[in-house]
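# Remarks on the overall topology
Here is how the chains run, residue by residue.
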Amino acid sequence: MITVQEARDLVLALAPAPQGEDIGIANAAGRALLGPVRARLTQPPFDAAAMDGYALRAEDIDQTLQVIGEAAAGHPWSGEAAPGTAIRIFTGASVPAGYDRVVMQENTQRDGDTLTVTDASGPSHIRLRGNDFSQGDSFDPQRLLTASDIGLLAAMNIPEITVARRPRVAILATGDELLRPGQEPQPGQIICSNDIAIAALARDVGAQVDLLPIARDTEASLRDSFAAAADADLVVTIGGASVGDHDLVGQVASELGMQRAFYKIAMRPGKPLMAGKIGKSAMLGLPGNPVSSIVCALIFVQPLILRMQGLAANIPLRRARLIRDLRPEGPREHYLRAKLGEGDDLPTIDSFDDQDSARLLLMSQADALMIRPAKDGPRKAGEIVDYIALQNGS
Ligand SMILES: Nc1nc2c(c(=O)[nH]1)N[C@H]1C(S)=C(S)[C@@H](COP(=O)(O)OP(=O)(O)OC[C@H]3O[C@@H](n4cnc5c(N)ncnc54)[C@H](O)[C@@H]3O)O[C@H]1N2
Ligand code: MOO
């Protein structure tokens, strides 16, 4: 069996080069910029008042001043700064040339057109031209664009950008026992939970998801499903990956010409993971146990979808202190469902006693996946371990 790291490298190598698509920035949150863009203007474009008050020359601050004009946002004042004068100014207005200080109106006293400063302390309250960014500055965040990013693109006066086309991801749950949520289970049947969970994880990283009908445990049904997924950039199957008589996914995929990159990895949960290419699509075959499928989606499916959009696919590892001793590990890298707590320097982490890969309730209660290397020795409370933060965490 190959290691998780080897498997990740092979999975990421399945990503084709991203294709570009031009979109308006208003719809660009959650999309991946394809290459750097450059600011089309300087921000702020002029020295701008940061407070409502008066613009004056710092050297005049102790004098009685004459108010000779007004500048508001969008309405600059274009006269000359003369000694002993001030300009009524409002936040966002251009500070007229020659004035180098804005005093908040709370720190002034005005009588007709004369002004005295009652409190001369404090900063200049002027945002200098270009203090945020300058025309020509490059922007390339190397992650899915956030709300702040699209605000920044707007401020840079970039109305349209080229992003990676959303990867089309077909998700296929397999199993005779599976029903859709809301249906009435007969003896031996359960509700299909995995495909909608994996679909949500895929959408979170920018995929356009096609949730296929549940395939039955027959070769014919699986062939039909693979045919329906032929246009996908990535086909994710769920279940039927193990060695049982009804685990047909690998067999049918091979008959359809799948070029296998690997089958089975030293990971717990997730051992029967399968990866390769089928037709024009990348394919990942996830194990059917609900927690296994979600963990594999976090470690392999999401990074692959990000890579398909040209992004680095690193999973941020964090560190926490064990709250109690741990037994030695077996031959597979273990991703344990765990709870975080407040600690002095680092958070504390405590894995659940029950690590059954079928227990969705525990997965939903976990706020971290604690990572223990294969064959890790016993660990003592207080030692530091790596973990991956989960969305459930507060
Ligand atoms: N003899 C062996 N048996 C098993 C091994 C093994 O090495 N030797 N590995 C075990 C491990 S580890 C896993 S993980 C599972 C994976 O099996 P499959 O991928 O073939 O999954 P299924 O058998 O189809 O299902 C397992 C389990 O999960 C339920 N399931 C499946 N799909 C869904 C779904 N979409 N929604 C909700 N629940 C689902 C299914 O009903 C089963 O209970 O194999 C072990 N066996
Ligand atoms: O690998 Mo299975 O995914 O341990 O439950």
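Note that residues are indexed from 1 along each chain, following the sequence as it is written. Chains carry letters and ligands carry numbers; both start at the beginning, A for chains and 1 for ligands, and go up in the order they are written. Local features in this predicted model are restricted to residues whose pLDDT is 70 or higher, and side-chain atom pairs enter the listing and the counts only when it is 80 or higher, whereas totals over whole chains, interfaces and linings include all residues. Side-chain figures throughout are based on the complete set of non-hydrogen atoms in the structure, without hydrogens or water.

## Section: the overall build of the chain
Helix numbering and strand numbering both begin at the N terminus, where a helix is a DSSP run of H or I of at least 4 residues and a strand a DSSP run of E of at least 2. Looking only at helices and strands, the chain has seven helices and 26 strands in total. In terms of overall dimensions, the chain has a C-alpha envelope of 95 × 50 × 40 Å along the principal axes. Expressed as a percentage of the 394 residues in the chain, the buried residues total 46%. Intrachain contacts of the chain at a sequence separation of at least 6 include 70% that bridge at least 24 residues. Remark: exposure states derive from per-residue accessible area (1.4 Å probe, protein chains only) relative to the maximum for the residue type, with buried under 20%, exposed over 50%, and partly exposed in between. Note on definitions: a residue-residue contact is assigned when non-hydrogen atoms from the two residues lie within 4.5 Å.

## Structural notes on the site of ligand 1
Here, proximity means that at least one heavy atom of the residue falls within 4 Å of the molecule or strand. The environment of ligand 1 is formed by 21 residues, the closest being Glu-177, Ala-241, Ser-242, Lys-271 and Gly-288. One of the backbone N or O atoms of Ser-242 is found 2.9 Å from an oxygen atom in ligand 1. Separating an oxygen atom of ligand 1 from a side-chain N or O atom of Asp-247 is a distance of 3.1 Å. Summarising the interface, the protein chains cover 69% of the accessible area of ligand 1, which totals 870 Å² for the free molecule. Elements with a contribution of two residues or more to the shell around ligand 1: β15 (190-191) and α6 (290-308). Three classes are used: nonpolar for Ala, Val, Leu, Ile, Met, Phe, Trp, Tyr, Cys and Pro, charged for Asp, Glu, Lys and Arg, and polar for all others, with Gly counted as polar. Its residues assigned to classes, the shell around ligand 1 comprises ten nonpolar, eight polar and three charged. Counting of polar contacts relies on pairs of N or O atoms within 3.5 Å, with two restrictions inside protein: one atom must be capable of donating a hydrogen and the other of accepting it, and residues adjacent in sequence are counted only when both atoms are side-chain atoms. Here the accessible surface of atoms and residues is derived via Shrake-Rupley with a 1.4 Å probe, and residues count as covered only by protein chains that are part of the display.

## Section: the site of ligand 2
All residues in the neighbourhood of ligand 2 are listed as Pro-269, Gly-270, Lys-271, Pro-272, Asn-289, Ser-292, Arg-332 and Ser-357. Note that an oxygen atom of ligand 2 is positioned 2.9 Å from one of the backbone N or O atoms of Lys-271. Measuring from an oxygen atom of ligand 2, one finds a side-chain N or O atom of Ser-292 at 2.5 Å. When grouped by side-chain class, the residues that make up the shell around ligand 2 number two nonpolar, four polar and two charged.

## Here we look at helix α1 (residues 4-12)
Because an α-helix completes one turn every 3.6 residues, residues spaced three or four positions apart along the sequence face the same direction. The complete set of buried residues in α1 reads Val-4, Ala-7, Arg-8, Val-11 and Leu-12. Burial along α1 is one-sided: seen end-on, the buried residues are contained in an arc of 130°. Buried residues along α1 sit in contact with β18 (259-263), β19 (267-268), β20 (274-278), β21 (281-286), α6 and β23 (333-341). Along the arc lie the directions from the helix axis toward the C-beta atoms.

## A few points about the environment of Pro-16
Tracing the backbone through its elements, the reader meets Pro-16 in the loop between α1 and β1 (20-24). As a C-alpha pair, Pro-16 and Val-4 span twelve residues in sequence and 21 Å in three-dimensional space.

## Section: the sheet that holds strand β9 (residues 114-117)
Pairing between strands requires that DSSP locate at least two bridges from one strand to the other. As summarised here, the arrangement of the six strands in space is β7-β4-β6-β5-β9-β8, forming an open sheet in which the pairing is mixed. Whereas interior strands pair on both sides, the edge strands pair on one side only; in this sheet they are β7 (101-104) and β8 (108-111). Ignoring which end each strand starts from, the neighbouring axes of this sheet average 40° apart. Between the N-to-C directions of two axes lies an angle of 0 to 180 degrees, each axis being a line fitted to C-alpha atoms and, for a helix, fitted only over the stretch in contact.

## A closer look at the pattern of salt bridges
The working definition used for a salt bridge is a side-chain nitrogen of Lys or Arg within 4 Å of a carboxyl oxygen of Asp or Glu. This model, assessed by the stated rule, comprises 20 salt bridges. For Arg-223, the salt bridge identified is with Glu-255, shortest N-O distance 2.8 Å. In this pair, Arg-223 sits in helix α4 (residues 219-228) while Glu-255 sits in helix α5 (residues 249-255), placing the two residues 32 residues apart along the sequence. One salt bridge in this structure joins Asp-350 and Arg-324, with 2.8 Å as the shortest N-O distance. In this pair, Asp-350 sits in strand β24 (residues 348-351) while Arg-324 sits in the loop between β22 (318-322) and β23, placing the two residues 26 residues apart along the sequence. Note on Asp-350: relative accessible area 25%, which makes it partly exposed. Linked through salt bridges whose partners overlap, the residues forming this network are Glu-329, Arg-372, Asp-376, Arg-379 and Glu-383.

## Let's talk about the packing of helix α3 (residues 194-204) against α6
Interhelical geometry of α3 versus α6 gives an angle of 25° and a closest axis separation of 10 Å. Taken as axis vectors, α3 and α6 run roughly parallel relative to one another. For the pair α3 and α6, the crossing hand works out as right-handed. Of the residues in α6, those touching α3 at Asn-194, Ala-197, Ile-198, Leu-201, Ala-202 and Asp-204 are Pro-290, Ser-293, Ile-294, Ala-297, Leu-298, Gln-302 and Ile-305. Here the word oblique covers every angle except those under 35 degrees (roughly parallel), over 145 (roughly antiparallel) and from 65 to 115 (roughly perpendicular). Whether a crossing is left-handed or right-handed is set by the direction in which the near helix is turned from the far one by less than a right angle, anticlockwise for left-handed and clockwise for right-handed.

## Re the domain arrangement of the chain
One can read the domain layout of the chain as domain 1 (4-18 + 166-308), domain 2 (25-42 + 133-164), domain 3 (48-127) and domain 4 (318-389). Contacts between the two partners involve 16 residues from domain 1, matched on the other side by 15 residues from domain 4. Defined here as a combined quantity, buried area equals the accessible surface (1.4 Å probe) lost by two parts on assembly, summed across both. In this assembly, domain 1 packs against domain 4 so that about 1300 Å² is buried in total across both faces, 69% of it on carbon and sulfur atoms. Considering only the surface of domain 1 that becomes buried against domain 4, Ala-266, Arg-268 and Val-291 emerge as the three largest contributors, covering 41% of it. Here domain 1 and domain 4 share zero salt bridges between them. For the interface between domain 1 and domain 4, the tally reads six residue pairs in polar contact (both at pLDDT 80 or more). As annotated, the domain borders come from an automatic or database domain assignment.

## Quick word on the side chain of Ser-292
Positionally, Ser-292 belongs in helix α6. For Ser-292, a relative accessible area of 3% translates into the label buried.

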